[in-house]
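# Architecture and fold: a report
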Amino acid sequence: MKNIVVLVSGGGTNLQALLDAQERGEIRDGKIIAVISSTSGAFALERAKGANVPGYVVNRKDYDSREAFTGALLDKLSELNADLIVLAGFLYILSPAFVERYENRIINIHPALIPSFCGDGFYGLKVHEKALEYGVKLTGATVHFVSAEADAGPIILQKAVAIEEGDTAEILQKRVMEQAEWKLLPEAVSLFCQGRLHVEGRIVHIDQAE
Ligand code: GAR
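Cut-offs used in this document
Position numbers for residues start from 1 in each chain and track the written sequence from start to end. Selection of residues for local features in this predicted model requires a pLDDT of at least 70, selection of side-chain atom pairs for listing and counting requires 80 or more, and totals for whole chains, interfaces and linings are taken over all residues. Only hydrogens and water are set aside; all other atoms, that is, all heavy atoms of the structure, feed into the side-chain values. For this analysis, a salt bridge means a side-chain nitrogen from Lys or Arg found within 4 Å of a carboxyl oxygen belonging to Asp or Glu. Helix and strand assignments come from DSSP, with helices taken as H or I runs of at least 4 residues and strands as E runs of at least 2, each series counted from the N terminus. Categorising residues by exposure relies on relative accessible area from a 1.4 Å probe, with only protein chains included: less than 20% of the type maximum marks a residue as buried, more than 50% marks it as exposed, and the intermediate range marks it as partly exposed. To get an axis, a line is fitted to the C-alpha atoms, and for a helix only the part in contact is used. The angle between two axes follows their N-to-C directions and goes from 0 to 180 degrees. Working rule for angles: under 35 degrees goes down as roughly parallel, over 145 as roughly antiparallel, 65 to 115 as roughly perpendicular, anything else as oblique. Handedness of a crossing follows from how the near helix is turned relative to the far one, being left-handed for an anticlockwise turn of less than a right angle and right-handed for a clockwise one. Pairs of residues are marked as contacts when any of their non-hydrogen atoms sit within 4.5 Å. Only Asp, Glu, Lys and Arg are considered charged in this grouping, and only Ala, Val, Leu, Ile, Met, Phe, Trp, Tyr, Cys and Pro are considered nonpolar; every other residue, Gly among them, is considered polar. Under the rule applied, a polar contact is a pair of N or O atoms within 3.5 Å (in protein, one hydrogen donor and one hydrogen acceptor; residues adjacent in sequence only if both atoms are side-chain atoms).

## Some thoughts on the pattern of salt bridges
- One pass over the full model with this rule turns up seven salt bridges.
- Taking the shortest distance from any N to any O, the salt bridge between K130 and E133 comes out at 3.8 Å. Here K130 pairs with E133, and both are found in helix α5 (residues 125-134), just three residues apart, close to one helical turn.
- Classification of K130 by relative accessible area gives partly exposed; the value is 31%.
- The exposed category is assigned to E133, whose relative accessible area is 61%.
- Between E178 and K174 there is a salt bridge, and its shortest N-O distance comes to 3.1 Å. Of this pair, E178 and K174 both sit in helix α6 (residues 169-193), four residues apart, which is roughly one turn of that helix.

Here it is as structure tokens:
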């Protein structure tokens, strides 16, 4: 059974999707053992509480540098004995030392089809604003392993979502969450926990279910 720790910064709807999937028995061979928030008031912490999952705060504001902040996160994660770290709307880019320590054991969800509309500064609603501005007809979500460069690690799952006439960033964000994010993230986490993901360079191979 893999120990899953979810890192959050905000509302936590992706965390909720994971908790609901766990409740339905859809996270095979893994258990969400803790949620860590980078802000003290994150609603995601309420969601963790509601599911009886311990919630912790490692507040970015308490640390002078990214290194000090991610160092504190690393301490908490080793204390928790984490096997898999899931970034579910986590606002900060992790230090190279962090990423190296958990190579191919950190999963992130991004609300676009990487390599479009991603990288430093592309977060949350901003991603959808940029997609609408550019005029793409398809966007979607990507679940990937985290590497030192933002949003550039090996891709695990992607799902396309159509852009419709009259979309605002808010409408599009909701559609991408409902049609893609909330399904892809629990699926990827379950595949990881079952040991069905194999990384070869940039390519993630997925074993068929037995
Ligand atoms: C989600 O759409 C997630 O994909 C995005 O932030 C939102 C968080 O919502 N993440 C990124 O943009 C990462 N670059 P949530 O807190 O309700 O899950």
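## Side note on the packing of α5 against α6
- Closest axis-to-axis distance for the α5/α6 pair is 9 Å, and the angle between their directions is 110 degrees. Relative to α6, the element α5 is oriented roughly perpendicular. Here α5 and α6 pass one another in a crossing that is right-handed. Of the residues in α6, those in contact with L125, H128, E129 and L132 of α5 are A169, E170, L172, Q173 and V176.
- For the contact of α5 with α6, the class distribution of residues is five nonpolar, two polar and two charged.

## As for the environment of R47
- Topologically, R47 is positioned in helix α2 (residues 43-50).
- Relative accessible area serves as the criterion here: at 18%, R47 is assigned to the buried category.
- In this structure, R47 is in contact with G11, G12, T13, L15, Q16 and L19, ignoring residues within four places of it in sequence.
- There is a polar contact of 2.6 Å between the side chain of R47 and the backbone oxygen of G11.

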